[in-house]
Amino acid sequence: MSDLPITNCHVHAFTMEHVPDRYIRFGLLNVLKARPVRQALLWTLPRLLPLRHRDVLERAARFAAISSVDNGQEGILRTVRGYYPRGARFVVLPMDMAHMGKGRPAEDLPAQHDELARIAALPDLAGTILPFATFHPDRGLAGVDEVKRCFDMGFRGLKLYPPLGFPPDHPLLMEQVYPLCVERNLPVISHCSRGGVSHVGLDRLEEAWRAGRGGAEPRRFASPHAFKPVMEAFPDLRVCLAHFGGAIDWRDYLEQPMDPDRADLREANWLTAILDMMGDPKYANLYTDISYTIFYFDENFPALRVFLDDAQVAARVLFGSDFYMAEMERLPERSLSIRLRHALGRDLFHRIACENPERWLTGTAPAPAPEPEPAPKVDDAPPIG
Ligand SMILES: [Zn+2]
């Protein structure tokens, strides 16, 4: 087995400074910054609020709580590093929430990128922090220049978050950004789940859509199908559709009947859509990660283990956790990664946490060690004498 390090392909370090001021109403985010207030609210409000508002509140509390970690992004990254063995690496994914229609963050994207570049260059973190650049088409050509600037600083790939209000085949991406990724041999990761934050316009469409008032599904920009034109135009581009379709689609797949003759149902579920795309040679550079989704460990691990029996899938799944978005959901970070290592066994864990990430990041990885020759069975033994 090669001595590649563990790579967590999906962590976040952005802080309250990067969250827009109207992310939630009533300035609640500011109120939540004070720890005693946050604790009191989190204890009281869930008992009074319906589930949907509770989700918003808990997410906001997560932003607020992590932001109280000293030293901003560096403090957050030192925290996640503390849960892993020495030498582990972390793909750090920034967010550009300035264009989601909820006001401006205190710190703009270039400053967020600059801070990641500074942290990645710290002598004691050298080689462990792998920053990605992010892009929102509303920034226009200046946004493309910002991606270039990050790649010139040694960033290791591109992060996209289409629910912030753009399709993955937006012309600026197709004509400028993806060609740059291919030229620099750098991978892309894109949010692919029905959960998470979204543009204010999509929120309104979603309410109408959920109420049955029609329109296209607002979250469709995050769907695996939205990436098909990208992967068909750039077959060499290594694309990770994060979250393996998301916990909602895993739950539906595991709990709802699905007529095996109805291809449209397999397409509509983002988990089965990704599995089917992995079997299609047109999408040979498609990867996925298990971040967030795998925090529902008891529900989702058995299915993950079964999917990994397929060689195509086992070569394309990446270990990631979604720290700090997921930590509050079920399991502390170290507990999750050790459970996963224990339940998958050493070889399979090594594939998804070491080999596959290296191939996704660089396009190459050491060939897996050859299978040991099976011991001859008694019947195969040459006749004696
Ligand atoms: Zn994430």
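Rules used throughout
Residues numbered from 1 in each chain as written. Predicted model: local features only at pLDDT ≥ 70, side-chain atom pairs only at ≥ 80, totals over all residues. Heavy atoms only, no water. Pairing = 2+ DSSP bridges. Helix = DSSP H or I, 4+ residues; strand = E, 2+ residues; numbered from the N terminus. Axes fitted to C-alpha atoms, helices over the stretch in contact; angles between N-to-C directions. Contact = heavy atoms within 4.5 Å. Donors = N, O, S within 2.8 Å, 3.2 Å for Na, K, Ca; no water. Core = buried A, V, L, I, M, F, W, Y, C linked by side-chain atoms within 4.5 Å. Buried < 20%, exposed > 50% of the residue type's maximum accessible area, 1.4 Å probe, protein only. 1 Å grid on protein atoms, 1.4 Å probe; cavity = no way out; pocket = protein on both sides within 12 Å on 5 of 7 lines; lining within 4 Å. Points joined across faces, edges and corners; volume = space filled by probe spheres on them. Nonpolar A, V, L, I, M, F, W, Y, C, P; charged D, E, K, R; others polar. Phe/Tyr/Trp six-rings, centres within 6.5 Å; stacked < 30°, edge-to-face > 60°. Salt bridge = Lys/Arg side-chain N within 4 Å of Asp/Glu carboxyl O. pLDDT = per-residue confidence, 0-100. Expected span 1.5 Å × (residues − 1). Bend = angle between axes of the 7 residues up to and from the residue.

A few points about the sheet that holds strand E3 (residues 129-131)
Logical step 1: Pairing in this open sheet of 3 strands is parallel, and the strands run E1-E2-E3 from one edge to the other. If you trace the sheet from one side to the other, it starts and ends with strand E1 (7-11) and E3, each paired once. Put simply, the sheet's adjacent strands are angled 20 degrees from each other on average, direction ignored.
Logical step 2: Pairing between E1 and strand E2 (residues 89-92): 3 bridges, direction parallel. From the neighbouring strand, Val 11 faces E2, where its bridge partner is Val 92.
Logical step 3: The sheet strands contacting helix H4 (residues 72-81) are E1, E2 and E3, and the helix crosses E2 at an angle near 140 degrees.

Looking at the coordination of the zinc ion
Logical step 1: Protein-derived coordination of the zinc ion comes from His 10 (NE2), His 12 (NE2) and Asp 322 (OD), at a distance range of 2.1 Å.
Logical step 2: For the zinc ion, all donor residues lie on one chain, and their spacing in sequence is H-x1-H-x309-D. Here His 10, found in strand E1, pairs with Asp 322, found in the loop between strand E9 (317-318) and helix H15 (333-344); they are 312 residues apart in sequence, far enough to count as distant.

Quick notes on the nonpolar core
Logical step 1: In terms of nonpolar packing, the biggest core is built from 94 residues, with Phe 244 and Leu 340 touching the most fellow members.
Logical step 2: Residue contacts for Phe 244: discarding those within four places in its chain leaves Trp 250, Leu 271, Ile 274, Leu 275, Thr 288, Asp 289, Ile 290, Leu 304, Phe 307, Val 313 and Val 317.
Logical step 3: Formed by 12 residues, the second largest nonpolar core is a distinct cluster that contains Leu 93, Leu 130, Phe 132 and Leu 361.

Observations concerning the sheet that holds strand E6 (residues 188-191)
Backbone hydrogen bonds are what pair the strands of a sheet, in a parallel or an antiparallel way.
Logical step 1: If you trace the 6 strands from one edge of the open sheet to the other, you get E4-E5-E6-E7-E8-E9, paired in parallel fashion. A strand with exactly one partner marks an edge of an open sheet, and here the two such strands are strand E4 (133-134) and E9.
Logical step 2: With 3 bridges connecting them, strand E7 (residues 239-242) and strand E8 (residues 286-289) associate as parallel partners. Bridge assignment links Val 239 to a residue of E8, and that residue is Leu 286.

As for unusual backbone geometry
Logical step 1: Cis geometry is found at the peptide bond from Phe 323 to Tyr 324, where omega equals 0 degrees.
Logical step 2: Topologically, Tyr 324 is positioned in the loop between E9 and H15.
Logical step 3: In this model, Phe 244 sits at a positive phi of 50 degrees, which is unusual for a non-glycine residue.
Logical step 4: Relative to the helices and strands, Phe 244 resides in the loop between E7 and helix H10 (247-255).
Logical step 5: For Phe 244, a relative accessible area of 0% gives the class buried.

Structural notes on empty space enclosed by the protein
Logical step 1: In total, this model carries 2 cavities of 30 Å³ or more according to the counting rule given.
Logical step 2: Considering only enclosed or pocket space, the largest cavity measures out at about 40 Å³ in volume.
Logical step 3: Lining the largest cavity, in full, are His 18, Met 95, Asp 96, Met 97, Ala 98, Pro 105, Glu 107, Asp 108, Leu 109, Gln 112 and Arg 139.
Logical step 4: Along the lines of polarity and charge, the residues of the lining of the largest cavity split into 5 nonpolar, 2 polar and 4 charged.

Quick look at the packing of aromatic side chains
Logical step 1: Enumeration over the complete set of coordinates arrives at 14 aromatic pairs.
Logical step 2: Their ring planes at 80 degrees and their centres at 5.2 Å tell us that Phe 244 and Trp 250 sit as a pair that is edge-to-face. In this structure, Phe 244 and Trp 250 share a single accessibility class: buried.
Logical step 3: Ring centres of Phe 297 and Phe 301 lie 5.1 Å apart, and the angle between their planes is 10 degrees; this geometry places the pair in the stacked category. With a gap of 4 residues between them, Phe 297 and Phe 301 both fall in helix H13 (residues 297-307), about one helical turn apart.
Logical step 4: Ring pairing ties together the aromatic residues Phe 14, Tyr 83, Phe 323 and Tyr 324, which thus form one cluster.

Comments concerning the pattern of salt bridges
Logical step 1: Applying the stated criterion across every chain, the model contains 19 salt bridges.
Logical step 2: Arg 78 is the partner of Asp 124 in a salt bridge, and the nearest nitrogen-oxygen pair spans 2.8 Å. In this pair, Asp 124 sits in the loop between helix H5 (109-120) and E3 while Arg 78 sits in helix H4, placing the two residues 46 residues apart along the sequence.
Logical step 3: Residue Glu 355 is joined to Arg 351 by a salt bridge in which the shortest nitrogen-to-oxygen separation is 4.0 Å. You can see Glu 355 and its partner Arg 351 sitting in helix H16 (residues 346-362), 4 residues apart, about one turn around the helix.
Logical step 4: With relative accessibility at 9%, the residue Glu 355 sits in the buried group.
Logical step 5: Within the structure, one salt-bridge network assembled from shared partners comprises Glu 74, Arg 78, Glu 115, Arg 118 and Asp 124.

Looking at the pairing of E8
Logical step 1: Here E8 shows two buried faces, one formed by Leu 286 and Thr 288 and the other by Tyr 287 and Asp 289.
Logical step 2: Relative to E9, E8 is paired through 2 bridges, and the arrangement is parallel. The residue bridging Thr 288 from the neighbouring strand is Val 317, located in E9.

Describing the confidence of the model for the chain
Logical step 1: In the predicted model, the chain carries a mean pLDDT of 86, and 82% of its residues have values of at least 70.
Logical step 2: Segment residues 380-385 is flagged for pLDDT under 50; beyond a separation of four residues in sequence, or across chains, it makes 0 contacts in the model.

Quick notes on the side chain of Ser 193
Logical step 1: Relative to the helices and strands, Ser 193 resides in the loop between E6 and helix H8 (200-210).
Logical step 2: When residues no more than four places from it in sequence are discounted, the contact partners of Ser 193 are Ala 222, His 243, Gly 245, Gly 246 and Trp 270.

A look at H16
Logical step 1: The first and last C-alpha atoms of H16 sit 23 Å apart over 17 residues, in line with the 24 Å expected at 1.5 Å per residue.
Logical step 2: The largest bend in H16 is about 35 degrees, located at Ile 352.
Logical step 3: Those residues of H16 that sit buried are Leu 348, Phe 349, His 350, Ile 352, Ala 353, Cys 354, Glu 355, Asn 356, Pro 357, Glu 358, Trp 360 and Leu 361.
Logical step 4: Looking one or two residues beyond H16, the residue adopting positive phi is Gly 363, at roughly 90 degrees.

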